[in-house]
Amino acid sequence: MPLDDYGVLSGTLHRHFRDQPDTLGRWFHVNLEVDAPAGRYRCAVDVDSKQSTTGVRWKVLTLAASVLDPASALPPGYHDLARTSGSGAIDYLRHPALRDRTGCAVAWLRRILDRLSPPHPWIAGSYLEASQALEPILVPGRQILVFGEPFDRGRLGMHNIHQNQGDPYGSQWWDENGTWQDGATMTRRADGQYDVFLSKFSTQAEATDAEGHPLAPAPAPA
């Protein structure tokens, strides 16, 4: 089954701060404080895995507000999103503005698309490098969109702000795999465009089925 809830928080960024590293093996986050009509939300953006063999990957890009409709036009506050194309939901592997073009079978078309919109490859590194990549877009006072799962138990905040599909069979996150429910952090620039930070973990597949589970690799040719 997918995440229990999924949506987007629209608000104004108040500030951000990092978790303090320790030796307990916990997840490491860059925490955002976002002001919206219901109050100040705390949003925990994952930039590391507590599994030492699982690395973090990220990319930063800029998108026009129009490609994020209708989410970019929502009023301040938290909004549930249908897990479908066109609802404003995010899917790293399926959203036209986010998906990689490595699977494009027509080479000349891929070259044209790359010139019109340069590709943004995933970058692998440490929690510190991921944090440093995210923080330049976290300008206090900017309008912000945070995609992910709201905290339960009445707390104002968001988590699962990362790819939420492609986790391998047998992992504790297998049951949460789903399409059109990925997390993201986006802040609105003065020119109206959005700076976007996406993150995922090295164990998450780059191709998934209709339920968000990893696709089996193609058999080797005989």
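Now for a quick tour of the structure. Everything quoted here is computed from the prediction, not taken from an experiment.

1. Overview of helix H2 (residues 127-134)
Okay, step 1: Of all the positions in H2, only Ala-130, Ser-131 and Leu-134 are classed as buried. Looking down the long axis of H2, one finds its buried residues gathered within 100 degrees of arc, a one-sided arrangement.
Okay, step 2: Residues of H2 that are buried make contact with strand E1 (7-18), strand E2 (29-36), strand E3 (39-46), strand E4 (56-63), strand E9 (184-188) and strand E10 (194-201).

2. Things to note about the pairing of E2
Okay, step 1: For E2, the tally of buried residues reaches seven of eight residues, placing the bulk of the element in the interior.
Okay, step 2: Bridge count for E2 against E3 is eight bridges, and the pairing is antiparallel. Paired with Val-34 across the strands is Tyr-41, a residue of E3.
Okay, step 3: Linking E2 to E3, which pair antiparallel, is a turn of two residues.

3. Considering the packing of aromatic side chains
Okay, step 1: Overall, the coordinates contain three aromatic pairs when judged by the stated rule.
Okay, step 2: Here the aromatic rings of Phe-28 and Tyr-127 are separated by 4.3 Å at their centres, their planes lie at 55 degrees, and the arrangement is tilted. In this pair, Phe-28 is assigned in the loop between E1 and E2 and Tyr-127 in helix H2, connecting sequence segments 99 residues apart.
Okay, step 3: Classification of Tyr-127 as partly exposed rests on a relative accessible area of 29%.
Okay, step 4: For the pair Tyr-92 and Trp-122, a centre-to-centre distance of 5.7 Å together with 40 degrees between the ring planes defines the contact as tilted. Residue Tyr-92 is located in the loop between strand E5 (77-80) and helix H1 (107-116), and its partner Trp-122 is located in the loop between H1 and strand E6 (123-125); the two are separated by 30 residues in the primary sequence.

Definitions and cut-offs
- Residues numbered from 1 in each chain as written.
- Predicted model: local features only at pLDDT ≥ 70, side-chain atom pairs only at ≥ 80, totals over all residues.
- Heavy atoms only, no water.
- Buried < 20%, exposed > 50% of the residue type's maximum accessible area, 1.4 Å probe, protein only.
- Helix = DSSP H or I, 4+ residues; strand = E, 2+ residues; numbered from the N terminus.
- Arc of directions from axis to C-beta.
- Contact = heavy atoms within 4.5 Å.
- Pairing = 2+ DSSP bridges.
- Phe/Tyr/Trp six-rings, centres within 6.5 Å; stacked < 30°, edge-to-face > 60°.

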